[in-house]
Amino acid sequence: MGASDALSPQGKDLSMPSTERERQLWAQLANSRAWVEPIEECWESELHEGSVLEQVQSKLKLQQLVLDAVSQGVLIADAQGHILSANAAFLSITGYREAEILGRTCRFLQGPLTDMNTTRAISQAFKDGLEFAGEILNYRKDETLFWNELTISPVRDGQGRLTNFIGVTRDITERKGVDTALQESEALKLAILNSVAAAIAVLDREGTILVVNEAWRRSALQNASQLGQPAPHTEVGANYLSVCQGGGGLSADDDGLKSGDGIRAVLDGSSPGFDLEYPCHSPSEKRWFSMSVTPLESKGLGAVVVHTNITARRQIEARLTESESHLRTIIENEPECIKIMDAQGRLLQMNPAGLAMVEADSLDQVLGRPVLELIAPEFRPAFADLHQRVIAGETVQMEFKMLGLKGGHRWLETHAVPMREQGGTVHLAVTRDITGRKQIEDQVRQLAFYDPLTQLPNRRLLNDRLGQAMIASKRSARYSALLFLDLDNFKALNDVRGHAAGDLLLNEASERLKRCVRAMDTVARFGGDEFVVVLNELDVNKTESTERAKQVAEKIRVALGAPYLLTLKQPGKAPDRVEHHCTASIGVVLFINHEASQEDLLKWADAAMYQAKDAGRNRVQFYDPTAVLA
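Along each chain, the written sequence defines residue order, and numbers are assigned to residues from 1. Only residues with pLDDT of at least 70 get local features here, since the model is predicted, and only at 80 or more are side-chain atom pairs given and counted; chain-wide, interface and lining totals rely on the full set of residues. Excluding hydrogens and water, the side-chain values take into account all heavy atoms of the structure.

Now for the overall build of the protein chain. Where helices and strands are cited, they refer to DSSP runs of H or I of at least four residues and of E of at least two residues respectively, numbered from the N terminus. If you tally the helices and strands in the protein chain, you get 19 helices and 22 strands. Put simply, the protein chain has 630 residues, and 44% of those count as buried. Working rule for contacts: check all heavy atoms of both residues, and any pair within 4.5 Å makes them a contact. When contacts within the protein chain are restricted to residue pairs at least 6 apart in sequence, those whose partners lie at least 24 apart make up 51%. Surface accessibility follows the Shrake-Rupley procedure with a 1.4 Å probe radius. Residue values consider only the protein chains on display as shielding. For the protein chain, the exposed area adds up to about 32,100 Å²; of that, 51% sits on carbon and sulfur atoms. Throughout, exposure labels follow a simple rule: accessible area from a 1.4 Å probe, protein chains only, divided by the maximum for the residue type, with under 20% read as buried, over 50% as exposed, and the rest as partly exposed.

Compared with the 28 Å implied by 1.5 Å per residue over 20 residues, the 28 Å span of helix α18 (residues 542-561) between its first and last C-alpha is a close match. Along α18, the residues classified as buried are S545, A549, V552, A553, I556, R557 and L560. Projected down its long axis, α18 shows its buried positions confined to an angular sector of 140°, all on one face. Of the residues in α18, the exposed ones pointing more than 90 degrees away from the buried face are T543 and V558. Each element contacted by the buried residues of α18 is listed here: β16 (480-487), α17 (499-515), β18 (530-535), β19 (564-568), β21 (584-591) and β22 (620-622). The opening residue of α18, the one whose side-chain oxygen lies 2.9 Å from the backbone nitrogen of T543, is N541. Here a helix's expected span is defined as the number of its residues, less one, multiplied by 1.5 Å. The directions from the helix axis to the C-beta atoms are what the arc is built from. Think of a polar contact as two N or O atoms within 3.5 Å of one another; within protein, one of them needs to be a possible hydrogen donor and the other a possible acceptor, and neighboring residues in sequence only count if both atoms come from side chains.

Let us now look at the packing of aromatic side chains. What counts as a ring pair is set by centres within 6.5 Å for rings of Phe, Tyr and Trp (its six-membered ring), and what kind of pair is set by the plane angle: stacked under 30 degrees, edge-to-face over 60, tilted for all other angles. This model, assessed by the stated rule, comprises eight aromatic pairs. For the pair F126 and F165, a centre-to-centre distance of 4.5 Å together with 65° between the ring planes defines the contact as edge-to-face. Highlighted residues: F126 in helix α6 (residues 116-128) and F165 in strand β5 (residues 162-171), separated in sequence by 39 residues. Under the relative-accessibility criterion, F126 is labelled partly exposed at 23%. Taking NZ or CZ as reference, R459 lies 3.8 Å from the ring centre of F526, over its face. Whether a charge lies above a ring is judged from NZ of Lys or CZ of Arg, which has to be within 6 Å of the ring centre and within 35 degrees of the ring normal.

Ranked by size, the top nonpolar core spans 36 residues in total, and within it L483, L487 and I556 carry the most contacts. Elements supplying a minimum of two residues to this core: β16, α16 (490-497), α17, β18, α18, β19 and β21. Every residue in contact with L483, bar those within four places of it in the chain, is listed here: F531, V532, V533, L535, A553, I556, I586, G587 and V588. Only buried residues count toward a nonpolar core. Its members are Ala, Val, Leu, Ile, Met, Phe, Trp, Tyr and Cys residues joined through side-chain atoms within 4.5 Å.

Further remarks concern the environment of L193. Within the secondary structure, L193 sits in helix α7 (residues 173-194). Through-space distance from the C-alpha of L193 to that of W216 is 9.9 Å; in sequence the pair is 23 residues apart. Non-local contacts of L193, meaning those with residues more than four positions away in its chain, are made with I200, V211, N213 and I440.

Attention now moves to the packing of α16 against α17. In helix packing, the relevant descriptors are the interaxial angle and the interaxial distance, both defined with respect to the helix axes. Here, axes are lines fitted to C-alpha atoms. For helices the fit covers the stretch in contact, and angles between N-to-C directions go from 0 to 180 degrees. In the contact formed by α16 and α17, the axes pass within 7 Å of each other and the chain directions differ by 145°. Residue-level inspection shows F490, L493, N494 and R497 of α16 in contact with α17, the latter providing H499, A501, G502, L505 and L506.

Here the focus is helix α19 (residues 598-614). Taking 1.5 Å of rise per residue, 17 residues should cover 24 Å, and α19 covers 24 Å from first to last C-alpha, within 8% of that figure. All of the buried residues in α19 are L601, L602, A605, A607, A608, M609, Q611, A612 and K613. For α19, the elements touching its buried residues are α15 (459-476), β16, β17 (522-527), β18, β21 and β22. Residue G616 follows α19 closely and has a positive phi angle near 125°.

A separate point is the sheet that holds strand β10 (residues 303-309). Strand pairing in a sheet relies on backbone hydrogen bonds. The paired strands run either parallel or antiparallel. Taken together, the five strands give an open sheet; going across it, the order is β7-β6-β10-β9-β8, and neighbouring strands pair in antiparallel fashion. Taken across any chain shown, the strands that pair with only one partner, and hence form the sheet edges, are β7 (209-212) and β8 (274-279). Across the sheet, the axes of successive neighbouring strands diverge by a mean angle of 20°, strand direction being ignored. We call two strands paired when DSSP finds no fewer than two bridges between them. Alignment of β8 against strand β9 (residues 288-295), held across six bridges, turns out to be antiparallel. Residue pairing for β9: D275 is matched across the bridge by S292.

Let's shift gears to the sheet that holds β17. The mixed open sheet is built from five strands, whose spatial order is β17-β18-β16-β21-β22. The open sheet is flanked by β17 and β22, the only strands paired with a single partner. Across the sheet, the mean angle from the axis of one strand to that of its neighbour is 20°, orientation sign disregarded. With three bridges connecting them, β21 and β22 associate as parallel partners. Bridging across to β22, G587 finds its partner in Q621.

Here eight bridges tie strand β3 (residues 132-139) to strand β4 (residues 145-156), and the two strands are oriented antiparallel to one another. Across the sheet, the residue bridging to G134 is L150, located in β4. Where β3 hands over to β4, the hairpin turn is made up of five residues, of which E143 adopts a positive phi near 70°. Hairpin connection of β4 to β5: five residues between the antiparallel strands, including G160 at a positive phi of 80°.

At E537, a residue that is not glycine, the phi angle is positive and equals roughly 45°. Residue position: E537 is located in the loop between β18 and α18. One non-glycine residue, R617, lies in positive phi territory at about 70°. Structurally, the position occupied by R617 is in the loop between α19 and β22.

So, on to the pattern of salt bridges. It is possible for side chains of opposite charge to pair when their charged atoms get near one another. Note on definitions: salt bridges are taken to be side-chain nitrogens of Lys or Arg within 4 Å of carboxyl oxygens of Asp or Glu. Scanning the model with the defined rule gives 35 salt bridges in all. R389 is the salt-bridge partner of D385, the closest N and O atoms lying 4.0 Å from each other. Here D385 and its partner R389 are both found in helix α13 (residues 380-391), four residues apart, which amounts to about one turn of the helix. For D385, a relative accessible area of 42% translates into the label partly exposed. The exposure class of R389 is partly exposed, given its relative accessible area of 33%. Close ionic contact of E544 with R548 constitutes a salt bridge, the shortest N to O distance being 3.3 Å. Of this pair, E544 and R548 both sit in helix α18, four residues apart, which is roughly one turn of that helix. The exposure class assigned to E544 is partly exposed, which follows from its relative accessible area of 35%. Given a relative accessible area of 32%, R548 falls into the partly exposed group. Taken together, the shared-partner salt bridges connect E135, E149, R170, R175 and K176 into one network.

Purely spatial values, then, with no claim about function.
Right, here's the structure in full:
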C-alpha cells in the first residue's frame, strides 16, 4: 500500500494533510524514499495520527542533521521553486536565517550585477523541470557579493511527476578573485618572461605547457624539422613530457629519458630541482644547451623550465685543457661570467661579462680584491663555505645576490669547480645572471600571498600569521586579539561612483589601518570591504589585554571614520575630487595559546562585528559567547 492510500485509525486520508505544517513536512519527506518508506509502514500498522506525525518530525530532524553536516549549501524547494528547507551551510553562505527564506524563491539572492542570462536559464529549468548547473553572482543578506557554483536537480515521484527541486551551492568567490588577479597580471608576467634571453616555459603539475616566452618560440622554430613549424611538443597546450619520446630537440634517447625523469621528479615534489646539459646539434653547428627545472613556489603547483644555449661555454671547457693561452682567450669571449680566485678568495681573473656584472670599468678595479666583498652580506657565510669546499676539491653550485661597485645588485647562479694551477688549487666559476628568473618567482609569490589591490596579506597568509600568533601566545603566555572590520557605507560609494572609487577607498582604508598598529601586528584584507587585524602579545593579564585591544580598536574606528578625499581620474576629463564618509563596525575577540581554533576565532570576531552593526554601526563590539544575534 502506497502513501497515497494510507488512512489513519480514524479513517482520515493522510495523503492529503490538513494543516500547512503537515503539508510542509510531507513535501520535505518526498525528497527521499529512504525516509518515506518507514513512515508508510507506520501508517500500515494503523498507529494513531499523533504517533505518525511524531515519526515524520523525527525523520525530518534526522534529515536536517544530515543536511547540516554537508559542507555545501543545500536547498529543498517545491515544484514551483518555493523554498521548503535550507541547511546550515546555505544559511552561513548567504547570511540569512531559515525563517527569513522559507516560502520564497531564490530570486531574493539576485541583484543589479547578477547576470540576466543565467537567471533566465534557471527560470527555464524550473519551468521545464530540468537540471541546471552553472555559476551565478549573488548577494548576501549584508549586500556583499559572492560567486555561487549552483546545481539544481528535479525530484520526481514513482509516476514521474515533478514534486520538488534540490539545489546544491558552493561559495567560489575566493577562486574567482584569484582568477581575476591572475588575468590582470598576465600582461606583466609575459613582459617579464619576454625580457629574459633564455628560453622559458611554465608547466602545470601534469607537464602541460601553460606559458612560453619569445625566446622559447624562436628556439622551437630553429629546432624544427619542417621550415616554419615549431618543434614537436613545444607549443602552449602540448605536454612537454612528450619530449621523452623524441620531441623537444633532445638529440639522444638517454638525454630524453633523463629530462623526462627529472621534470617528473620536480612536478611531483620528490626533487627540489633538475638540471641537464644536452647536445642539440644543427646541420651546420655543434650546439649544447642546459635545462633548468625549478618548482613553482611549493610542491604540486608546476614548474619553470629554462633552456639556455651553453654552446660557447662548452667550447670553452673543451679548450681549457689545451693551454693557458687558450684559457685567456676563452675567458675574454665567454658571454657568461668566468672568474678565477686563489685559495684565499682573491680575484685572479675575470672576463668582460663578469666585469659588467660587478659594474667594474676595468679588471684593475677588482684584481686582487676579495670576491667576498662583492657578495651581499646575508650570503657571505654561505659563499665563504662554498669557496672552502671548492678549494678542498668539490664541485658546487649556488645562487646568491651580488652588489655592484656602482650600487646595483643582481641575482647570480654560480657553478664552481676546483682547478689545478702551478702546484695549487684555485677556484674557477662560471656564473650567470638569474635576476629575471628571481623576479618571476617573486611575482608568483606575491600573487599567492597578497591581495592584488591593497597589497595586504590575503586569507592564505592571514591564516599563517594567525597560527604564528597563537604559537607566540603560548610561548609568552600573553593574550592576543583578533579584530574583524567591515566598512559600513562602502557599497553606496561603489554603486554611485563605480569600482574605481571603491578601490581608492579600500587602498586608503588599508593605509590607515597599517598606521594604527605595530610592525609586529598583521593587517589583512579578508575580502570585499572586510579586513582582519591580529594584535600580537598584548599582556599576560586578560583585563589589561582587553583594554589595550579596545584602545587599538577605537583608534582604528576613529581613523576609518575620518572623511575620505578621493581623486577620480578619467581619460579626457579633469580629475574629480569626491569626499566620502565611511565608518566601520569592528568585532573583537581575545585569545591565548590554542584555546580555540583559527576558524572559531574568525567566526566569533565576525559575529561580534555583526552585533556592532545591529547595534547601530560605527562601534566596537567584543565577542560575548552568551549573546545571540537577532
